[in-house]
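Structure at a glance
Residue-level listing of the chains:
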Amino acid sequence: MEPIDSSLVDWSRAQFALTAMYHWLFVPLTLGLGVVMAIMETLYVRTGREFWKRTARFWMKLFGINFAMGVATGIILEFEFGTNWSNYSWFVGDIFGAPLAIEGILAFFMESTFIAVMYFGWNKVSKRAHLASTWLTIIGATLSAWWILVANAWMQHPVGMEFNPDTVRNEMVDFAAVAFSPVAVVKFCHTVTSSWVLGAVFVVGVSCWYLLRGQHREFALSSIRVAAWFGLAASLLTAHTGHLSGRDIALYQPMKLAAAEGLYAGGTEQGLVLGGILRPGADWTAGTDDERFLLKVELPYALSYLATHDLHGYVPGIRNLLEGGYKLPDGSVALSAEEMMKRGRVAIDALAVYRSTENPEEKAAALTTLRQNFPWFGYGYLKSPRELVPPVPLTFYSFRIMVMLGGYFIVLFAGLLLLGQRVTRWKPVQLAVVLTIPLAWLASQAGWVVAEVGRQPWSIQGLLPNVAAISRLDTGSVQTTFFIFLVLFTLLLVAELSIMGKAIATGPEPEST
Amino acid sequence: MNDISFYQEYWWFLISLLGALLVFLMFVQGGQSLIWTLGRTEEQRRMLLLATGRKWELTFTTLVTFGGAFFASFPLFYSTSFGGAYWVWVLILLCFVVQAVSYEFQLKRGNVLGTTTYRIFLLLNGILGPLLIGTAVGTFFTGAEFVVNKAAVANPAMPVISYWASSWHGLEAALVPQNLMLGMSVLLLTRVLACLYFAGNIADEALRENCRRRLPLESGFFLLFFLTWLVRWLLSTGFAYMPDSGLVYLSPYKYLNNLLEMPSVLTLLLVGVLLVLGGMAGGMLGKRRAFWSAGAGAVLTVLALLLCAGWNHTAYYPSVTSLQSSLTIANSSSGIFTLKTMSVVSLIIPFVLTYIVWAWRALDKAPITPQEVREEH
């Protein structure tokens, strides 16, 4: 039997990344813009002013254009777990499938039912029923985010399951631990609030574009006021949940933290790199503790505090994580990567014996060995400790882009609120806000790059590496579908941007209607 | 209730019900495939698209939920079929990707691809979606070319537990006439349902007349394909398994025997077929509510067929390459904890159905008029 072709793993990853990144162009705008338009419709129902109805309907029009693309790219993602990651689907399907099914039953039906009422029901249901439909559409979308992020959080920090050697898979034993894992809660809050930030940036950006052109003044100022308050609150929440997320990463994915910080040799009293330039071509998987930065600005003690809530806390670097030997928070000593791989192979071999032998004593002994070494099961599929190091530059720079832009958005929203109506006189500010629109997407994508690239080589942290998670296909098939998706999504994105641009240029409905 | 077989049968019922609802809701696809056949003028085409445009999301969501529920309850199917019959599933997905944007984009200003392009997308989705899904489901009865070996997990060089034995990765299913006949039956059924839906929900006499005229032709072809498939299916050798050992074996007249051994399923099938026939006849006689009769019939018929595929110790996804690799509800399901947990979640389904009915009625209480179409755009 031929071993797995590494290019198949790479192309399967590329295809999933492509689909996920395209999908994530549309989802955060759905989540963010959805709340803004629902607030505006609420203002319409409460005040009875037609102005708010026109305002809500305008943002709804843009929401609809964007929503369609989110749906189109989302369906591929769900089924790719089966088409391209079939071994994953069996190995953890007992746990991972449940959130996806619940997402469909609880969230997708709510979203898809009420969005039809939202768009087609203006003259068919009462004002309040319509408002309820709008809120239920966005609640449905947010619930959908909850369940998919529960699934993603479980991949980052698997909990609530046990390995069953008879079925050769992991099985759920604690649903609450999966659905309400602290990592899932933090991930959901961070992702949704950052999506609200993106939605708010979009609204203030488009509104400032109208101000620049001297159009729809009242509409633009009202939209800025609502979106800036919303955006400021969301930005602060994003910063807070980001901090909590950092703590989770330090606890459960220390290699991701080390990569995001460019920390090769760890220690106590570690500073947080505020900005820096990595030495090109540096080997992050081996070597001495030579300086791997060309330039860096550090906030002393901050990384130790972030990771351990202690200014003098110990933070392992990449080398420490590979070599082991340092003290873990529970008092035990960290194993080296080589040792974990060795134990992983013992676990896999024990599984093979358990599956093949008919002798009850051998079976029992194999089961004991398997259970003792199961925590390192996934490491048994790796060939070299180097595989455990994610791409450091990509993770490092993405992290900095996300954090810096997050800080900038707080300043932006606060500034817009301070300026109030005076923003109409500040053309450079208006222009800056318009130019900020793509930065919101950059920050959002960078966040996912940190989350997903930073956890390589794992499909499920510590349990299943990518190489053991894929479908057995020929690389050519995956390459072909990669390019089909690339061309199709790009074409549809161009179409979407063009339609969105025209809709913005047309502006809200005239007052007479 | 700690017997896993109860939950396996319950979840097979839910999967079958979702599949049946999906076939019914694919009247949207049937309608798309008839845009140019029924809509002689631009206004008529817009009315047709407005009618299906209010419902496409429900069909789409049912498909996604069907996938999610299958993943949660029978992950080995998800793993084996999606990862193996790669090209069939990718083609089905592509059909639905282009549908998702077409309703929203087709008439918008700045539409760089042009209205016709999106309508071609809808036509493609309308024809290929039901045809491919029907053909893929055909393999539930005729079998597919895969091998499952769970012990492979213990082989670090090649830990993938299932693989497809044909390099066509699922496309070979289209070469089996019985599969194609089921695919054609599903396509034609969706077109029949679409004619009935349009006739009952669009207040345009010329369009209603077009639907009425089209109905006998679509119904005739549907009956030809479906009844041929049904007779061959009843006489075919099926794939059974021994409940104690799990051993899969070939069983002559398995599906006929399933119906005889499960009278309630046989009743569902007979009532379903009669309701479909009644709906067709009602539609031809100009009855506005004929859609609901045919729709309910379609749900019951498909439900009965899918129950026959998985219940009564039947292998629902047989392997023609390695008989013992065949998937049954017993060997491919999630564990009892997951099935129980999901069963609790499934109790919310009646609530979901209630609000879907409310929204459906709210939007469909008055038929679509040419005036409404002019206002929409």
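Every chain is numbered on its own, with residues counted from 1 as its sequence reads. Labels are handed out in written order, letters beginning with A for the chains and numbers beginning with 1 for the ligands. Residue-level local features of this predicted model are given only where pLDDT is at least 70; pairs of side-chain atoms are given and counted only at 80 or more, and the full residue set underlies all totals for whole chains, interfaces and linings. Only hydrogens and water are set aside; all other atoms, that is, all heavy atoms of the structure, feed into the side-chain values.

Points about the overall build of chain A
Only DSSP runs of H or I covering at least 4 residues are called helices, and only runs of E covering at least 2 are called strands; the numbering of each starts at the N terminus. Helix and strand counts for chain A stand at 16 helices and 8 strands. A compact globule built from 513 residues would reach a C-alpha radius of gyration of about 24 Å, and chain A, at 25 Å, matches this within 12%. Along the longest, intermediate and shortest principal axes, the C-alpha atoms of chain A span 85 × 50 × 40 Å. Across the 513 residues that make up chain A, the buried fraction comes to 61%. Two residue types count as positive, namely Lys and Arg, and two as negative, namely Asp and Glu; His and chain ends fall outside the count. Charge positions come from single atoms, namely NZ of Lys, CZ of Arg, CG of Asp or CD of Glu. With 37 positive and 38 negative side-chain charges, chain A shows a separation of 13 Å between the mean positions of the two kinds. Atoms counted for the radius of gyration: C-alpha only. Globule rule: 2.2 Å times residue count to the power 0.38. Think of it in three bands: residues with accessible area under 20% of the maximum for their type are buried, residues over 50% are exposed, and the middle band is partly exposed, with areas taken using a 1.4 Å probe on protein chains only.

Examining the interface of chain B and chain A
Facing 79 residues of chain B, the contacting portion of chain A comprises 89 residues. By salt bridge we mean one thing: a side-chain nitrogen of Lys or Arg within 4 Å of a carboxyl oxygen of Asp or Glu. Summed over the shared surface of chain B and chain A, the number is 1 salt bridge. By the criterion applied in these results, polar contacts are pairs of N or O atoms within 3.5 Å in which, for protein atoms, one can donate a hydrogen and the other can accept it, and in which residues neighboring in sequence qualify only through two side-chain atoms. On inspection of chain B and its partner chain A, the count reaches 21 residue pairs in polar contact (both at pLDDT 80 or more). Examining the composition of the side of chain B that touches chain A, we find that 14 residues originate from one element, helix 5 (residues 56-73) of chain B, more than from any other. In the side of chain B that touches chain A, the residues fall into 51 nonpolar, 19 polar and 9 charged. Contacts were defined at the residue level, with two residues in contact if any of their heavy atoms lie within 4.5 Å. Under this grouping Gly is polar, as are all residues other than the nonpolar Ala, Val, Leu, Ile, Met, Phe, Trp, Tyr, Cys and Pro and the charged Asp, Glu, Lys and Arg.

Digging into the packing of aromatic side chains
Here is the rule: rings of Phe, Tyr and Trp (six-membered ring for Trp) pair when centre to centre is within 6.5 Å. Planes less than 30 degrees apart are stacked, more than 60 are edge-to-face, and the remainder are tilted. Summed over the entire model, instances satisfying the criterion amount to 90 aromatic pairs over all chains. Consider the rings of B:F222 and B:F226, whose centres lie 5.4 Å apart with planes at 10°: the pair is stacked. Of this pair, B:F222 and B:F226 both sit in helix 10 (residues 205-235), 4 residues apart, roughly one helical turn. Both residues of the pair, B:F222 and B:F226, count as buried. Whether a charge sits over a ring comes down to the Lys NZ or Arg CZ being within 6 Å of the ring centre and within 35 degrees of the ring normal. Sitting over the ring of A:Y354, A:K363 keeps its end group 4.5 Å from the ring centre.

Considerations on the nonpolar core
In terms of nonpolar packing, the biggest core is built from 277 residues, with A:W59, A:F202 and B:W12 touching the most fellow members. When residues of this core are assigned to their parent elements, the largest contribution, 18 residues, is made by helix 2 (residues 50-83) of chain A. What B:W12 contacts, discounting residues up to four positions off in sequence, is B:F70, B:F74, B:F140, B:L306, B:L307, B:A309, B:G310, B:W311, B:Y316 and B:I329. Take the buried residues of types Ala, Val, Leu, Ile, Met, Phe, Trp, Tyr and Cys, join any two whose side-chain atoms come within 4.5 Å, and each joined set is a nonpolar core. Grouped together as the second largest cluster of nonpolar side chains are 34 residues, A:L263, A:Y264, A:L322 and A:F396 included.

Details of a nonpolar patch on the surface
All names here are of chain A. Patch criteria: residues need more than 30% relative accessible area and no salt bridge. Like-charged residues are merged within 9 Å; nonpolar side chains of Val, Leu, Ile, Met, Phe, Trp and Tyr are merged within 5 Å. Using a 1.4 Å probe, accessible areas were evaluated by the Shrake-Rupley method; residue-level cover was limited to the displayed protein chains. Residues I277, L294, L295, Y397, I401 and L442 make up a contiguous nonpolar surface patch of roughly 510 Å² in combined accessible area. At the level of secondary structure, the elements contributing two or more residues to the nonpolar patch comprise strand 5 (293-299) and helix 14 (392-419). Mapped onto the fold, L294 is located in strand 5.

Observations regarding the pattern of salt bridges
Residue and element names in this part refer to chain B. Overall, the coordinates contain 25 salt bridges over all chains when judged by the stated rule. Taking the shortest distance from any N to any O, the salt bridge between R119 and E42 comes out at 2.9 Å. Of this pair, R119 sits in helix 8 (residues 115-142) while E42 sits in helix 4 (residues 42-53), and the two are 77 residues apart along the sequence. R119 gets classed as buried once you look at its relative accessible area, which sits at 4%. Residue E42 is classed as partly exposed on the basis of its relative accessible area, which comes to 31%. Bridged by salt links that share partners, the residues E42, R45, R46 and R119 form one connected network.

A closer look at the packing of helix 9 (residues 254-261) of chain A against helix 14 of chain A
Residue and element names in this part refer to chain A. Every axis corresponds to a line fitted to the C-alpha atoms, with the helix fit spanning only the stretch in contact, and the corresponding angles, defined between N-to-C directions, vary from 0 to 180 degrees. Put simply, helix 9 and helix 14 touch, their axes get as near as 6 Å, and they point 75° apart. On the basis of the axis angle, helix 9 is roughly perpendicular to helix 14. In this structure, helix 9 contributes K256, A259, A260 and E261 to the contact, and helix 14 contributes V392, T395, F396, F399 and R400. Looking at side-chain class alone, the contact of helix 9 with helix 14 contains 5 nonpolar, 1 polar and 3 charged residues. Here the angle decides the label: under 35 degrees means roughly parallel, over 145 means roughly antiparallel, 65 to 115 means roughly perpendicular, and every other value means oblique.

Some thoughts on the side chain of A:T285
Residues and elements named next belong to chain A. In this fold, T285 is placed in the loop between strand 4 (272-278) and strand 5. What makes T285 buried here is its relative accessible area of 17%. Looking at T285, its side chain comes within polar contact range of the side chain of D283, at 2.7 Å. A polar side-chain atom of T285 sits 2.8 Å from a polar atom in the side chain of R386.

Overview of the confidence of the model for chain B
In low-pLDDT segments, the atomic positions of the prediction should not be examined closely. Per-residue confidence from the prediction method is given by pLDDT, with values spanning 0 to 100. In the predicted model, chain B carries a mean pLDDT of 95, and 99% of its residues have values of at least 70. Predicted complex, confidence summary: ipTM 0.93, pTM 0.94.

Some remarks on the state of the cysteines
Criterion for a disulfide: a pair of cysteine sulfur atoms at a distance within 2.5 Å. Applying the stated criterion across every chain, the model contains 0 disulfides over all chains. The thiol sulfur of B:C195 is not disulfide-bonded, and the nearest other cysteine sulfur, from B:C211, lies at 5.3 Å.

Here we look at the pairing of strand 2 (residues 169-172) of chain A
Burial of strand 2 of chain A is two-sided: the residues A:R169 and A:E171 facing one way and the residues A:N170 and A:M172 facing the other way are all buried. Connecting strand 1 (residues 161-164) of chain A to the antiparallel partner strand 2 of chain A that follows it, the hairpin turn spans 4 residues, and A:V168 within it adopts a positive phi of roughly 55°. Strand pairing is defined by DSSP finding a minimum of two bridges between the two strands.

Observations regarding the environment of A:A220
Residue and element names in this part refer to chain A. Here A220 is to be found in helix 8 (residues 217-252). For A220, a relative accessible area of 0% corresponds to the buried category. A220 sits 27 residues away from R247 along the chain, and the two C-alpha atoms are 39 Å apart. Residues in contact with A220, not counting those within four places in the same chain, are S207, Y210 and L211.

Focus on helix 14 of chain A
Residues and elements named next belong to chain A. Take the residue count of a helix, subtract one, and multiply by 1.5 Å to get its expected span. Between its terminal C-alpha atoms helix 14 stretches 40 Å, which fits the 40 Å expected from 28 residues at 1.5 Å a residue. Buried within helix 14 we find V392, T395, F396, S398, R400, M402, L405, F409, L412, F413, L416 and L419. Directly after helix 14, the chain includes G420, whose backbone phi takes a positive value near 60°.

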